[in-house]
Number of protein chains: 2
Amino acid sequence: MSYDNRCIAVFDSGIGGLTVVRELMNRLPHEDIIYFGDTARVPYGIKSSETVTRFARETCDFLLQFNPKIIVVACNTASAAALPTLQETLPVPCIGVVEPGAREAVLQGRGGTIAVIATEATINSDAYRRAMKRFDENARVVQKPCPLFVPIAEEGRSSSDAITMAVARDYLEPLVRLDPNVLVMGCTHYPLLRSAIGQVVGDGVKLIDSGEQTARTVIAELTQRSALNDTKCEGKLTCYVSDNPQRFRELGQRFLNKTIVDVTWISPEQFFAVSQANSA
Amino acid sequence: MSYDNRCIAVFDSGIGGLTVVRELMNRLPHEDIIYFGDTARVPYGIKSSETVTRFARETCDFLLQFNPKIIVVACNTASAAALPTLQETLPVPCIGVVEPGAREAVLQGRGGTIAVIATEATINSDAYRRAMKRFDENARVVQKPCPLFVPIAEEGRSSSDAITMAVARDYLEPLVRLDPNVLVMGCTHYPLLRSAIGQVVGDGVKLIDSGEQTARTVIAELTQRSALNDTKCEGKLTCYVSDNPQRFRELGQRFLNKTIVDVTWISPEQFFAVSQANSA
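Let us look at the structure shown here. All of these numbers come straight from a predicted model, not from anything done at the bench. (Residues numbered from 1 in each chain as written. Chains lettered and ligands numbered in written order. Predicted model: local features only at pLDDT ≥ 70, side-chain atom pairs only at ≥ 80, totals over all residues.)

The number of helices and strands found in chain A is 12 helices and 10 strands. Here the C-alpha atoms of chain A give a radius of gyration of 18 Å, agreeing with the 19 Å that 2.2 N^0.38 yields for 280 residues. When the backbone C-alpha atoms are referred to their principal axes, chain A occupies close to 50 × 40 × 40 Å. Long-range contacts, defined here as pairs at least 24 residues apart, represent 78% of the contacts in chain A between residues at least 6 apart. (Helix = DSSP H or I, 4+ residues; strand = E, 2+ residues; numbered from the N terminus. Rg over C-alpha atoms; globule rule 2.2 N^0.38 Å. Contact = placed C-beta atoms within 7 Å.)

Below, the discussion takes up the relation of the copies chain B and chain A. Note on the identical chains: chain B maps onto chain A by a rotation of 180 degrees and an axial translation of 0.0 Å, with an RMSD of 0.0 Å. In the structure described here, the two chain copies are related by an operation that fits a two-fold rotation axis. Identified as the residue of chain B closest to the rotation axis by C-alpha distance is Arg 41 of chain B, at 2.4 Å. Taken together, the interface assignments show that 100% of the residues at the interface of chain B recur at the interface of chain A, consistent with an identical surface on both copies. (Least-squares fit on C-alpha atoms with pLDDT ≥ 70 in both.)

To continue, consider the packing of helix α8 (residues 162-176) of chain A against helix α8 (residues 162-176) of chain B. It is at 10 Å that the axes of α8 of chain A and α8 of chain B come closest, and there the two elements cross at 170 degrees. Classed by the angle they form, the pair α8 of chain A and α8 of chain B counts as roughly antiparallel. Residues Ile 163, Ala 166, Val 167 and Asp 170 of chain A of α8 of chain A form the contact with α8 of chain B, whose participating residues are Ile 163, Ala 166, Val 167 and Asp 170 of chain B. The residue inventory of the contact of α8 of chain A with α8 of chain B, partitioned by class, reads six nonpolar, no polar and two charged. (Axes fitted to C-alpha atoms, helices over the stretch in contact; angles between N-to-C directions. Parallel < 35°, antiparallel > 145°, perpendicular 65-115°, else oblique. Nonpolar A, V, L, I, M, F, W, Y, C, P; charged D, E, K, R; others polar.)

What follows deals with unusual backbone geometry. Leaving glycine out, the prevailing phi sign among residues is negative, and the prevailing peptide bond configuration is trans. Residue and element names in this part refer to chain A. With an omega dihedral of -5 degrees, the bond running from Val 42 to Pro 43 counts as a cis peptide bond. Positive phi, close to 60 degrees, is recorded for Asp 126, a residue that is not glycine. Position of Asp 126 relative to the elements: it lies in the loop between α5 (120-125) and α6 (127-135). Accessibility expressed as a C-beta count within 10 Å gives 14 for Asp 126, which makes it partly exposed. Backbone geometry places Asn 244, a non-glycine residue, at a positive phi of 50 degrees. (Buried ≥ 20, exposed ≤ 12 C-beta atoms within 10 Å, placed from the backbone.)

Regular strands show a simple pattern: their side chains alternate between the two faces of the sheet. Residues and elements named next belong to chain A. Among the five residues of strand β9 (residues 237-241), four are classified as buried, and the element is accordingly described as predominantly covered. Sheet analysis places strand β2 (residues 33-37) next to β9, joined by five bridges and oriented parallel. Within β9, the position partnered with Tyr 35 by the bridge is Cys 239. Handedness of the crossover joining β9 and strand β10 (residues 263-265) through helix α11 (residues 245-256) is recorded here as right-handed. (Pairing = 2+ DSSP bridges. Right-handed = clockwise from strand over helix to strand, strands pointing away.)

Counting residues in hydrophobic clusters, the biggest one holds 182 residues, and the most contacted among them are Val 72 and Val 73 of chain A together with Val 72 and Val 73 of chain B. Setting aside residues no more than four positions away along its own chain, Val 73 of chain A makes contact with Phe 11, Ala 56, Ala 78, Ser 79, Leu 83, Leu 86, Cys 94, Gly 96 and Val 97 of chain A. (Core = buried A, V, L, I, M, F, W, Y, C linked by C-beta atoms within 7 Å.)

What follows is about the interface of chain B and chain A. Each partner contributes to the interface: chain B provides 16 residues, whereas chain A provides 16 residues. Top element by residues in the side of chain B that touches chain A is α8 of chain B. It accounts for four residues. The residue inventory of the side of chain B that touches chain A, partitioned by class, reads eight nonpolar, three polar and five charged.

Shown next, in the form of structure tokens:
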């Protein structure tokens, strides 16, 4: 067995990807993690596939300076739009959140209807349906964009808030009438509203957290490559953002479920200088 | 009397500024208008003042190529963060939406309490309160960020939608208890929800649309400079966006209240090429 003590790099358009980091930290407590949140250009969920792909490539160029052993695209929109491009061009393995969530949904769905909720851009990309069809060509998939869930989670409204519940019912009741077996939370913000979503869809519908499934996939990938960390020290989380480190620190704690100590603002000059040097 | 047939340039982080364009077109039907929506980086309302100022300067550099006679910052967040910088550095007059809305609120408020609703960034900047204090140092101002109103308007929910009304009550009922005379809609998206807002605050509270006041200020400025257009032809609206022209065209019609014909996507290369040439 060999080891690899390089870091795991994770990125998202903003803070949502911290729910994936939370799952990674719970399962791999000794790994160092570098996180980048593109908070100057957040959200990606209402932007075109071309623009999101460009943002994702620029971010990966930035992250490569940290010599990561793997890059995790902890953003459904970026995974849906850019993953094939990133996997073709990056010198390290790159894992997105769509494929792990889609695979688990097909497994748990057992041939029944699969519901997917996500941002406008992720739904428009049809990435979940396409991934599910690769695992099971007969998969029946129904999809619904839920654009208010992101700002509701960022505003700090909990699952017990009346607005959260009203919006959840408005989005999800039409889906429930289609009688799905499973519901994929295809946006890294949505696990914060898990309880509200669960209340509306009921116990008969299994909730799949794409971020959680992604953490499992990362572990499998690193194990297969004998690339887990062999230190016994607590892993370190270092965060970089393109804007507003203070807001990231405050909001991020709810997503990570612990205090965020180390957040550094990266200016456009720093961001693009590295990106240009890497792509030169 | 002299005339000036150059265009009026208007910009916003996205589509909200079209409510200001609508007011301009209603009042100045012969003027040509160039609009830029920074849809690749929208929204500005959750970003830092430094980042918003940089975005606004880059956009003005882009707009200067059209040789405008005036630039209208049809975005409350950008007006709050960047207007003094823009006014100092631009070679043409530059008008924001905060000052006109603040002035009208002080006039209509007649010494009573003034309520302001806007994005997180606009409220944090305290720009409305500061502007109101310049007009009346005793002005009593209460402010409230309403972050869900923008995605609700963009999702196409009307004022009669149950979610819209629930959110409006949630945000505005605590403000109503402070007994304001006037309420400033300090975000260019909010006029789309005017009816819901009006229902919650009641007839006793005057609603001020900062965009509408800005259109009046633009007319006054152009009249004073003898810079109105003297053609009798219908003015032309030309729109540029940094992402997703199709989404802009579809959503924008509700904001403009008419069909948008001419929308061109500007690539980052085009955007920054002009910006660098101008600032060189």
